[in-house]
Amino acid sequence: MESLMCARINSTPVRSLCSCKNNPIHVPLLAPRVTWRGLVSPTGVMGSPKSFNSVAASIQPVEDSATSRFDNTLPSKEILDVWRNANAVCFDVDSTVCVDEGIDELAEFCGAGEAVAEWTARAMGGSVPFEQALAARLSLFSPSQSQVQEFLEKRPPRLSPGIEALVNKLHEKNKSVYLVSGGFRQMINPIATLLGIPLENIYANQLLFGSSGEFSGFDPNEPTSRSGGKAVAVQQIRKARGFKSLVMIGDGATDLEARKPGGADLFVCYAGVVLRELVAAKADWLVFNFKDLINSLD
């Protein structure tokens, strides 16, 4: 099992969110949790995020024994060329851009964390259809609009180390950045705002609420609400913008799926939060630190 060297700065532990016998190796993390209050609207959090511009967890992976098991931690010249010349980069959010699995955190906040985390492990490992896991997880706690608003106020995003610098570097290189997630727009909009990513560059699910704010389901028309949906979303992005080359970065089986004809040219597996061995083994490039991606852009 891999572990992370953790710097403790008013930190709280990131829980081991999943357990799946053949996929994820969970890396215990410590990350600072800060408080930021803003007005939550149906499209996200309004107000300035400047009070938590550095919410990134202070963690460094110990990866030596893990990298020895994989032959894709050192990219070839061809892979580096694709990465450096890509017009756009799509990021998964949970356990990639952020150290948490958002739906697990929301479920824990609503009192159903353990049961929901088990479903998340199965979904991310690819053992059940994503849409089945999504519906099952939501049915376990049926979050109301007020609960989601309270969650966003009390549990702001915790960014993975180096993600801000990487996104800034990509923007400096005039590369378009997208967030493609099986999570929910209500929870991802504040993350996009924090990273300077336009809200229209989010492809994610949408929680639905009734007239009294009660939970009524999720929008099944979003491509990311079902298995293979990230591949569809990436294909839509590429076609709409005419990108010649596009890269997908994530940690799970649904991210790997995005590497299909007309989709991503390159899949980078980020294992800085959780190492899913079956996904990592099939990645074009396996990284444990976003600094590797930043440095390779120069």
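What counts and how
- Residues numbered from 1 in each chain as written.
- Predicted model: local features only at pLDDT ≥ 70, side-chain atom pairs only at ≥ 80, totals over all residues.
- Heavy atoms only, no water.
- UniProt positions renumbered as here; feature names shortened; annotations may be inferred.
- Core = buried A, V, L, I, M, F, W, Y, C linked by side-chain atoms within 4.5 Å.
- Buried < 20%, exposed > 50% of the residue type's maximum accessible area, 1.4 Å probe, protein only.
- Helix = DSSP H or I, 4+ residues; strand = E, 2+ residues; numbered from the N terminus.
- Contact = heavy atoms within 4.5 Å.
- Phe/Tyr/Trp six-rings, centres within 6.5 Å; stacked < 30°, edge-to-face > 60°.

Identification of the protein chain as phosphoserine phosphatase from Salvia splendens is taken from an unreviewed UniProt entry. Regarding the protein chain, the UniProt comment filed under Sequence similarities (unreviewed entry) reads as follows: "Belongs to the HAD-like hydrolase superfamily. SerB family." You can read under Pathway (unreviewed entry) in the UniProt record for the protein chain the words "Amino-acid biosynthesis; L-serine biosynthesis; L-serine from 3-phospho-D-glycerate: step 3/3."

Draft legend 1. The arrangement of the nonpolar core in detail. Core analysis: the largest hydrophobic core is formed by 37 residues, its most contacted members being Trp83, Phe91, Val97, Ile163, Leu166, Ile249 and Leu293. At five residues, helix α8 (residues 185–195) tops the list of elements feeding residues into this core. Discounting chain neighbours no more than four positions away, the residues touching Leu166 are Trp83, Phe91, Phe290, Leu293, Ile294 and Leu297. If you look at the next biggest cluster of nonpolar residues, it comprises 24 residues, including Ile237, Ala271, Leu275 and Phe288.

Draft legend 2. Spatial organisation of the packing of aromatic side chains. Across all of its chains, the model carries five aromatic pairs by this definition. Geometrically, the ring pair formed by Trp83 and Trp285 is edge-to-face, given 6.5 Å between the ring centres and 85° between the ring planes. Here the residue Trp83 occupies a position in helix α2 (residues 77–85), and Trp285 occupies one in strand β16 (residues 285–287), the gap between them amounting to 202 residues. Here Trp285 falls in the buried class, since its relative accessible area comes to 3%. Between Tyr178 and Phe243, the aromatic rings sit 6.1 Å apart at their centres with planes inclined by 75°, giving edge-to-face as the arrangement. With Tyr178 in strand β9 (residues 176–184) and Phe243 in the loop between α9 (229–241) and β13 (246–250), this pair connects stretches of sequence that are 65 residues apart.

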